[in-house]
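Spelled out from the first residue to the last, the chains are:
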Amino acid sequence: MSFLQPGSIFGNDFRIIRHLSSGGMGSVFVVEQLSTGKQRALKVMHPRMLHDPKLRERFTQEARLGAKIASDHVVEVVGAGLDAETGIPWMAMELLDGEDLSKVIARRGAMPVGEVAAVMAQLGHALGAAHRAGIVHRDLKAANVFLATSRRQGLPFMVKVLDFGIAKFLNMVTTSATTSAIGSPLWMAPEQTDPAKPVTPATDVWSLGLLAYNLLTGKCFWMTPSYPNASIAALLGELLMLPLPSASARAAEQGVGPCIPRGFDEWFARCLSRDPAGRY
């Protein structure tokens, strides 16, 4: 965004320090909040998307939904609004120090079992709180889980769930008229491929199982991405139709069999039940 240069003021309260990241919906900047003197992460919507009311709603609902989740493991939104000068929606969040799990795995490879258990416990707290509030994330993946430096004594890291931009209230996704196949293909549950099927908390459980496998092995559970000329159609065939191997069988196939701890197969199989009613 050319108008958000270091030193410029946005929303009458944020001095731009530097660009942090960009995604499909918007860009994130490190800013100084002038009214408090604290550094924040400022997320602003891409101007080219302003004409689409559905995209504007998806962006602005992230702040509203996140505020309803009673968990320290959801990134805190400290303010949101529309910039008076440009009409661009924005949200200000706590500035986290660390990196998302996709970068952690790319840098370190598989995590030790104890560390994975600690990540999953904190992540489970966030998802449990979201589901009790009637909110399904719908796009849980390694890139949307942040491993932040902890500010608490005795806690080595703080897990923060990011990007509730495509999350929905449960009463909004129980009919085919409002359900859509939104999510990242490698992580989405089978029901997300069918607009006629409802999205429920079990949808996040499917992704949770895939994430645990990814952390333990450093590998994607699906084989399709490793094949030459892989396609979405081939991935959907693996997701929806091919027999699902156990976690230990797939890990052995990928040459990382020793990474799977005892008892994980049973837990993983229940997370990856193609019938949502069979999941936790």
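If you're wondering where the values come from, they're calculated on a predicted model, not measured in any experiment.

Draft legend 1. Spatial organisation of the pairing of strand 4 (residues 39-45). Of all seven residues in strand 4, six are buried, a share of seventy percent or more. Where strand 3 (residues 26-33) meets strand 4, seven bridges bridge the pair, whose relative direction is antiparallel. What sits directly across from V28, in strand 4, is K43. Of the pairings in the sheet, the one linking strand 4 to strand 6 (residues 89-94) comprises five bridges and is antiparallel in character. Directly across from L42, in strand 6, lies its bridge partner A92.

Draft legend 2. Focus on the nonpolar core. Grouped together as the largest cluster of nonpolar side chains are 48 residues, with contacts concentrated most on L101, M111, L123 and L215. Contributing elements (two or more residues each) for this core: helix 2 (101-108), helix 3 (113-132), strand 9 (145-149), strand 10 (157-161), helix 4 (201-217), helix 5 (232-240), helix 6 (247-253) and helix 7 (264-271). Looking at this core, the element that brings in the most residues is helix 4, giving nine residues. Once residues within four sequence positions are removed from consideration, L101 is found in contact with M111, V119, A142, V145, L147, L211 and L215. Grouped together as the second largest cluster of nonpolar side chains are 26 residues, F10, V31, V44 and I88 included.

Draft legend 3. Local environment of the pattern of salt bridges. Following the criterion strictly, the structure yields eight salt bridges and no others. Ionic pairing is found between E94 and K160, a salt bridge with its closest N-O pair at 2.9 Å. With E94 in strand 6 and K160 in strand 10, this pair connects stretches of sequence that are 66 residues apart. When sorted by exposure, E94 lands in the same class as K160, which is buried. When salt bridges that share partners are traced, they join E238, R250 and E253 into one network.

Analysis parameters
- Residues numbered from 1 in each chain as written.
- Predicted model: local features only at pLDDT ≥ 70, side-chain atom pairs only at ≥ 80, totals over all residues.
- Heavy atoms only, no water.
- Buried < 20%, exposed > 50% of the residue type's maximum accessible area, 1.4 Å probe, protein only.
- Helix = DSSP H or I, 4+ residues; strand = E, 2+ residues; numbered from the N terminus.
- Pairing = 2+ DSSP bridges.
- Core = buried A, V, L, I, M, F, W, Y, C linked by side-chain atoms within 4.5 Å.
- Contact = heavy atoms within 4.5 Å.
- Salt bridge = Lys/Arg side-chain N within 4 Å of Asp/Glu carboxyl O.

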